[in-house]
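Below, each chain spelled out in residue letters.
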2 protein chains.
Amino acid sequence: MHDDPDFDVQDFLPYLLNQAAEASSLEFQRVYKDRYGMLRNEWRVLFHLGIYGRMTARDIGVRAQMHKTKISRAVQRLAERRYLVRERDETDRRVEHLELTPAGQKVYVDLRSVARDYNEALVEGLDGEDVVRLRSVLRTLAKVRG
Amino acid sequence: MHDDPDFDVQDFLPYLLNQAAEASSLEFQRVYKDRYGMLRNEWRVLFHLGIYGRMTARDIGVRAQMHKTKISRAVQRLAERRYLVRERDETDRRVEHLELTPAGQKVYVDLRSVARDYNEALVEGLDGEDVVRLRSVLRTLAKVRG
DNA sequence: GGTTGTTAGTTACAAAAACGACTATTACAT
DNA sequence: ATGTAATAGTCGTTTTTGTAACTAACAACC
């Protein structure tokens, strides 16, 4: 009972993207949640610090396109667990530099290897050329400013 | 300070998919929210009923991969606004058939045209061949059962 | 040097989502 | 026919988000 053959939710990009994002996040989510009690925003912050090293909340926000309140709360929880330390900038005392502790590094390294394996498993079922284009298209779409 | 050149969040598929999904959903979200006070799960249910016609909550759940509690609450709110009517199945009294009212149809038709335009705008910046492959890859990924 | 504007980050409150337990009805097996 | 399991859908409670207002520090300008 397709009321309009010109339109189907299944072709609507935002819908498709959400379905794919949710489904493909599930398994990884279980790992960081069950193993470390972390939330999505927390592993994101952890990964940014693990990959790029010491940086400020603001910079993470720019790179990850995350709102500052999300980062603020994620940083709080990561700091409570001693996965990172905060250090005030001496010349501009509004700014805080964030850095993983050795404990945080360990968690990051562990999750990174899970992520890598999982990513490879996801990509495995797909055509190699498709994956290259997929990444590029996704990066373009991620920049869309509604 | 890339600690491991083999891994970057920016290449991690679940991350990329989430970024693209969030960014590309924003503008459409604003429309159904501002114009009709609807939530994400509500427009999904509305669209399924608009496109496929009368169906049960269960069937929507299967098609949209939505949990039944999400559907239940979305249906409640849509029923309050008189966008749909519920009708008990006479032979199996657990089941409820859902159907859009004329008012619901109007909302659906309006939002459908917004969605169509928005979708076209999104696709416009992309290579046509890429879009075809993108849809196919996304459908594959959406089926991944973590 | 005081006023105005910006920026980094936090907090409080309201809105929404997640999760599990629950009811009611039907199916199935012995 | 009766106990057990399965299914459709709802409800209550707890987590998470989203929004906007807030503090504190700096900048810029006259």
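Being a predicted model, the structure only gives us computed values, none of them experimental.

A. Seen up close, the protein's contact with DNA strand D. Near DNA strand D there are 23 residues, and of these Lys70(A), Arg58(B), Arg73(B), Gln76(B) and Arg86(B) occur at the shortest range. Considering the 4 Å shell around the protein, atoms of DNA strand D inside it are sugar or phosphate in 57% of instances. The backbone of Thr91(A) places a nitrogen or oxygen atom 3.4 Å from a phosphate oxygen of DNA strand D. Elements with a minimum of two residues in the surface near DNA strand D: α4 (68-80) of chain A together with α3 (57-64) and α4 (68-80) of chain B. When residues of the surface near DNA strand D are assigned to their parent elements, the largest contribution, five residues, is made by α4(B). The residue makeup of the surface near DNA strand D, split by class, is three nonpolar, seven polar and 13 charged.

B. Focus on the nonpolar core. Formed by 94 residues in total, the largest nonpolar core has its most connected members in Met38(A), Leu46(A), Phe47(A), Met38(B), Leu46(B) and Phe47(B). Not counting chain neighbours up to four residues away, the residues in contact with Phe47(A) comprise Phe28(A), Tyr108(A), Leu111(A), Arg112(A), Ala115(A), Phe7(B) and Val9(B).

C. Quick look at the relation of the copies chain A and chain B. The transformation that overlays chain A on chain B combines an axial shift of 0.0 Å with a rotation of 180°, and the residual RMSD is 0.1 Å. Seen this way, the second copy is the image of the first under a two-fold rotation axis. Both copies share a contact surface, since 98% of the interface residues of chain A are interface residues in chain B too.

D. Local environment of helix α5 (residues 102-124) of chain A. For α5(A), spanning 23 residues, the distance from its first C-alpha to its last is 33 Å, which sits close to the expected 33 Å at 1.5 Å a residue. Turning to α5(A), its buried residues number three or more, namely Gly104(A), Val107(A), Tyr108(A), Leu111(A), Arg112(A), Val114(A), Ala115(A), Tyr118(A), Asn119(A) and Leu122(A). Next to the buried residues of α5(A) lie α1 (13-36), α2 (40-52), β3 (96-100) and α6 (128-142) of chain A together with α1 (13-36) and α6 (128-142) of chain B.

E. Molecular detail of the packing of aromatic side chains. According to the stated counting rule, one finds 22 aromatic pairs over all chains in the structure shown. Measuring from ring centre to ring centre gives 5.3 Å for Phe28(B) and Tyr32(B), while their planes differ by 75°; the resulting arrangement is edge-to-face. Remark: Tyr32(B) and Phe28(B) occur in helix α1; sequence separation between them is four residues, near one turn of the helix. Of the two residues, Phe28(B) and Tyr32(B), both sit in the buried class. Every member of this aromatic cluster is reached through a ring pair, and the members are Phe7(A), Phe12(A), Tyr15(A), Phe28(B), Tyr32(B), Trp43(B), Phe47(B) and Tyr108(B). Here the basic side chain of Arg63(A) rests over the ring of Tyr52(A), its NZ or CZ set 4.0 Å away from the ring centre.

F. Spatial organisation of empty space enclosed by the protein. What the rule picks out here adds up to two cavities of 30 Å³ or more. Approximately 70 Å³ is the volume attributed to the largest cavity. Pro14(A), Tyr15(A), Asn18(A), Ser25(B), Phe28(B), Gln29(B), Tyr32(B), Arg40(B), Trp43(B) and Arg44(B) together form the lining of the largest cavity. Looking at which element gives the most residues to the lining of the largest cavity, the answer is α1(B), with four residues. Of the volumes computed, that of the second largest cavity is approximately 60 Å³. Surrounding the second largest cavity, Asp130(A), Arg133(A), Leu134(A), Val137(A), Asp130(B), Arg133(B), Leu134(B) and Val137(B) form its lining. Going through the elements one at a time, α6 of chain A together with α6 of chain B are the ones with two or more residues in the lining of the second largest cavity.

G. Highlighting the protein's contact with DNA strand C. Near DNA strand C lie 21 residues; those nearest to it are Arg58(A), Ser72(A), Gln76(A), Arg86(A) and Lys70(B). Of all atoms in DNA strand C that approach within 4 Å of the protein, 68% are sugar or phosphate atoms. Between DNA strand C and the protein, one listed contact pairs a phosphate oxygen with a side-chain N or O atom of Arg58(A) at 2.3 Å. Among the elements that take part in the surface near DNA strand C, α4(A) stands out by supplying five residues, more than any other. Its residues assigned to classes, the surface near DNA strand C shows three nonpolar, six polar and twelve charged.

Thresholds, definitions, all that
Residues numbered from 1 in each chain as written. Chains lettered and ligands numbered in written order. Predicted model: local features only at pLDDT ≥ 70, side-chain atom pairs only at ≥ 80, totals over all residues. Heavy atoms only, no water. Near = heavy atom within 4 Å. Polar contact = N/O pair within 3.5 Å; in protein donor to acceptor, adjacent residues only side chain to side chain. Helix = DSSP H or I, 4+ residues; strand = E, 2+ residues; numbered from the N terminus. Nonpolar A, V, L, I, M, F, W, Y, C, P; charged D, E, K, R; others polar. Core = buried A, V, L, I, M, F, W, Y, C linked by side-chain atoms within 4.5 Å. Buried < 20%, exposed > 50% of the residue type's maximum accessible area, 1.4 Å probe, protein only. Contact = heavy atoms within 4.5 Å. Least-squares fit on C-alpha atoms with pLDDT ≥ 70 in both. Expected span 1.5 Å × (residues − 1). Phe/Tyr/Trp six-rings, centres within 6.5 Å; stacked < 30°, edge-to-face > 60°. Lys NZ or Arg CZ within 6 Å of the ring centre and 35° of its normal. 1 Å grid on protein atoms, 1.4 Å probe; cavity = no way out; pocket = protein on both sides within 12 Å on 5 of 7 lines; lining within 4 Å. Points joined across faces, edges and corners; volume = space filled by probe spheres on them.

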